[in-house]
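# Geometric and topological summary
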Amino acid sequence: MKKYMSVMLVMLLLLLSACSNKTAEDEGQTGNSKNPSGSITVWGWDVAAATMKAAVEKFQKQYPDVDVKVEDFNSADLYDKLTVGLAARGSGLPDVVLMEDERIPGYLHQFPQGFLNLNKLGYEKYKDSFNLAKVAAVQNEDGDFIAAPWDIGPAGVFYRVDYFEKANVDPNSIQTWDDYIEAGKKIKEATGAQLLPIDIPNYDGVFQMMMQSQGLSYFDKDDKIALESKEAIRAMEVIKKLHDEDLILNNKGWDGIVTATVNGSVATVPYGVWYAGTIMDQAPDLKGKWDIFYLPSFDGGTRYANVGGSSVLIPSSSKNQSAAYAFVEFFTTDTESQLLGFEKYGLFPSLKETYTAPQFTENNEYFNNSPIFKNFADIVDQVPQINVNENFAKASSLISNAQAAILLENQSVDTRLNEAKKQLENERKK
Amino acid sequence: MASKKISSKIIIYILLIAGVVLSIAPFYWMIVGSTLPSGEIFRVPPRLLPGDYLAKNFQTLNESLGIAKIFWNSLFIALVYTLISTLISAMAGYAFAKFKFKGKNFFFFIILCTLMIPSQVTLIPLFEMMVTFNWLNTYQAIILPTLASPFAIYLMRQNMKAIPDSIMEASRIDGAGELKIFFTVILPVTRPAMAAVAIFLFMSQWNSLLWPLITLNSKEMFTLPVALSSLIGMARIDYGQLMLGTTLSTIPIMIFFLLLQKHFISGILGGSVKE
């Protein structure tokens, strides 16, 4: 009997000792807006969080009284935590949070009071420091900054130099999507490699790029659904044609794209600039064999689009808003911190004054000695502004379904896009 | 006749071997993957023999996670949780199975009802509670909320019901107190059920991701699933590191299972000869 009691006592002690693990948090002073002080917490994910951690050092030289703690999660986990915290009326949230741009409208819609209006804190003055499409992505409907712009992903087509040479295709000759398909046929004949990877039932990124290059998301500027526009139809028809010519490698998910990139089963990968980091990381043996060209275009469209990018927000529940704003302002407008993330992790800044730095303009040895980052920087101002709203994610999954039906079940482009449009309308009525 | 028997045996063996390969291959690949650098994992044809990158993977894994602390967190949480929760469910199950008290059926009904509430519903209120207690980022925030597991209570109750009342009556006549009866008579008899419950609870806590993820914020407090999940970056994933972490995280479950398996199996056999 005594033995059991002592076991229970030991367990109780263990539990109590675990309780005392928690260190007291100082929420004491917060300072004023001129001289912020106290401590703030920042949530980010992998390389972005690493960049933030690195930027803290310089930040603290400027603001010695502010303690910054960067906490690192994977992005899906971060959204889970953020949603729970916002639903619990701001409990347990950090003072600054990183978010992908396409998620911002959804969060604003669900939690209109969840984040601070940065215009009220004076962020308005940086309006011209960033490219227009990015600024549009982080502002609310009234044109106020809700998030401070950070990185972007201007899109291009990564291609295998050796495959193109073997098939005798000049990448500069690819101007339109038709040229792209023709080139794909030649390359397949010469090398056996397919043209590009698309996870057909789950990934509509190529469609998104095509739409943005024509100035649209799934919606037009007046917030009408654009899935039956001529732009949407011809985009989907190109994808169908690519599939009909057996040029699409239907590989599953992100791992599928990376696998195809590393093992040489595709000749091109249309993606955001940040994919350069992944290629260098995962395929060091292919040095000198990759390069980029701009997206092919449609009649009357541009050759530019953006894939991904993220920004930083301040949850309204932050108890130390002046310090949080000081960090956000510093982090998004300090050239050195931006270049640090770019150089080390390939995070492409939206702060325009960084683009003249040598890291941007020099030739890249891995990428066939081309100045690929300069090439990307050159186009950021021309990336069309598009309307991303809270239904973006729903529209994306509907289009992925439509894409699967059109390519894999041979349904017609018009009917399937029409159906997707109707489904999206129903979703919006809810 | 004999040849027919042999041929059917061959077919059975082929099917069984296929089953073994199907269930072991992913594990094997995970172990091989943990000894390869990330780029090698995607090579076609895949490498089927372990490489020499294990130490390097371990080093990077340790650098990015601090593997000892993470392991300790997971182990501490899972063990304390399993111990206390098994005891609680045994006690509750015993009370519901063997005692008569007012509202017994009503309370049992309530406990069963909580089985029907999806955990997502309680997530946010529970989280708010943890914030109010200032318990974010602590062990108790993970251990306490699910300590009384309705499923385990139910399982223990069903098992305790099978124990004849006469055992308890005999002990009472011999002058044993109620606690002594519980610890020295009832618990040893229900060892197999307790082992099953303990394995179930240990696994569910060891693998639990969402709740620890929501309540834990700093790297030093992460449990293994949360830490492994944090390794998956936006654009870069070190698969070798991830595979090694996953391999390591399966080891304690295996050990725990093997330790309790003995009780588990002896219980099944013990039951079969009793009647």
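Residues numbered from 1 in each chain as written. Chains lettered and ligands numbered in written order. Predicted model: local features only at pLDDT ≥ 70, side-chain atom pairs only at ≥ 80, totals over all residues. Heavy atoms only, no water.

### Some points on the overall build of chain B
Let me state the cut-off plainly: Put simply, DSSP H or I for four residues or longer makes a helix, DSSP E for two residues or longer makes a strand, and each gets a number counted from the N terminus. Radius of gyration means the value over C-alpha atoms here, while the globule rule gives 2.2 Å times the residue count to the 0.38 power. Under the scheme applied here, a residue whose accessible area is under 20% of the maximum for its type counts as buried, over 50% as exposed, and between as partly exposed, the area being computed with a 1.4 Å probe on protein chains only. We call two residues in contact whenever any of their non-hydrogen atoms come within 4.5 Å of each other. Positive charge is attributed to Lys and Arg, negative charge to Asp and Glu, and no charge count is given to His or to the chain ends. For this purpose, a charge sits on NZ of Lys, CZ of Arg, CG of Asp or CD of Glu.
Assigned secondary structure in chain B consists of 14 helices and zero strands. Along chain B, helices (α) and strands (β) appear in the sequence α-α-α-α-α-α-α-α-α-α-α-α-α-α when read from the amino end. For a compact globule of 275 residues, the expected C-alpha radius of gyration is about 19 Å, and chain B comes in at 24 Å, more than 25% above that figure. Along the first, second and third principal axes, the C-alpha atoms of chain B reach 75 × 70 × 30 Å. Per-residue burial over chain B gives 42% buried out of 275 residues. Sequence-distant contacts in chain B: of pairs separated by 6 or more residues, those separated by 24 or more amount to 74%. Taken as two groups, the 20 positive and 11 negative side-chain charges of chain B have centres that lie 9 Å from each other.

### Concerning the overall build of chain A
Counted only if it meets this: Only the protein chains shown count as cover for residues, with accessible areas throughout obtained via the Shrake-Rupley method and a probe of 1.4 Å.
Each helix and strand in chain A was counted, giving 17 helices and ten strands. Considering only C-alpha atoms, chain A reaches an extent of 75 × 55 × 50 Å along its principal axes. When contacts within chain A are restricted to residue pairs at least 6 apart in sequence, long-range pairs at least 24 apart make up 75% of them. In the structure as shown, chain A presents an accessible area of about 18,300 Å², 47% of it carried by carbon and sulfur atoms. Taking the average place of the 41 positive charges on the side chains of chain A and the average place of its 59 negative ones, the gap between the two points comes to 4 Å.

### Focus on the nonpolar core
Keep this limit in mind: Among buried residues, the Ala, Val, Leu, Ile, Met, Phe, Trp, Tyr and Cys ones that are joined through side-chain atoms within 4.5 Å form a nonpolar core. These domain limits were set by an automatic method or by a database of domain assignments.
Of all hydrophobic cores here, the largest spans 218 residues; its most connected members are Phe115(A), Phe158(A) and Phe348(A). Counting residues per element, this core draws most heavily on helix 4 (residues 67-98) of chain B, at twelve residues. A domain-level breakdown of this core finds at least three residues from each of domain 1 (31-152 + 308-361) and domain 2 (154-307 + 377-429) of chain A. Ignoring anything within four residues of it in the chain, the contact list for Phe115(A) reads Leu82(A), Leu86(A), Val97(A), Met99(A), Tyr107(A), Leu108(A), Ile146(A), Leu313(A), Ile314(A), Pro315(A) and Ser316(A).

### Side note on the domain arrangement of chain A
Residues and elements named next belong to chain A. Selection criterion: Buried area: the accessible area, evaluated with a 1.4 Å probe, that two parts lose upon being put together, summed over both parts. Only one rule defines a salt bridge in this text: a Lys or Arg side-chain nitrogen within 4 Å of an Asp or Glu carboxyl oxygen. Residue polarity is assigned by list, with Asp, Glu, Lys and Arg as charged and Ala, Val, Leu, Ile, Met, Phe, Trp, Tyr, Cys and Pro as nonpolar; anything else, Gly included, falls into the polar class.
When cut into domains, chain A gives domain 1 (31-152 + 308-361) and domain 2 (154-307 + 377-429). Computed over C-alpha atoms only, the centres of domain 1 and domain 2 are separated by 29 Å. Taken together, the 16 residues of domain 1 in the interface contact 15 residues of domain 2. Between domain 1 and domain 2, the buried area comes to about 1,400 Å², and carbon and sulfur atoms account for 65% of it. It is Ile152, Gly308 and Phe348 in domain 1 that bury the most area against domain 2; as a group they hold 31% of the surface buried on that side. In this structure, the salt-bridge partner of Lys352 is Asp381, at a minimum N-O distance of 3.4 Å. Of all elements in the fold, only helix 4 (104-110), helix 5 (132-138) and strand 9 (306-313) reach the threshold of two or more residues within the side of domain 1 that touches domain 2. Of the residues that constitute the side of domain 1 that touches domain 2, the class distribution is eight nonpolar, six polar and two charged.

### A short note on a nonpolar patch on the surface
Heads up, the condition is: Exposure above 30% relative accessible area and the lack of any salt bridge qualify a residue for a patch; like charges then connect within 9 Å, and the nonpolar side chains Val, Leu, Ile, Met, Phe, Trp and Tyr within 5 Å.
A contiguous nonpolar patch, built from Ile12(B), Tyr13(B), Leu16(B), Ile17(B) and Val21(B) and spanning about 510 Å² of accessible area, is present on the exposed surface. Looking at the element boundaries, Ile12(B) is found in helix 1 (residues 2-33).

### Details of the packing of aromatic side chains
All names here are of chain A. Heads up, the rule is: Stacked, edge-to-face and tilted labels apply to pairs of Phe, Tyr and Trp rings (six-membered ring for Trp) whose centres lie within 6.5 Å, assigned for plane angles under 30 degrees, over 60, and everything in between, in that order.
Following the criterion strictly, the structure yields 51 aromatic pairs over all chains and no others. Aromatic pair Trp150 and Phe331: ring centres 4.8 Å apart, planes at 65°, arrangement edge-to-face. On the criterion of sequence distance, the pair formed by Trp150 in strand 4 (residues 148-160) and Phe331 in helix 12 (residues 321-333) is long-range, its members being 181 residues apart. Considered together, Trp150 and Phe331 belong to a single accessibility category, that of buried residues.

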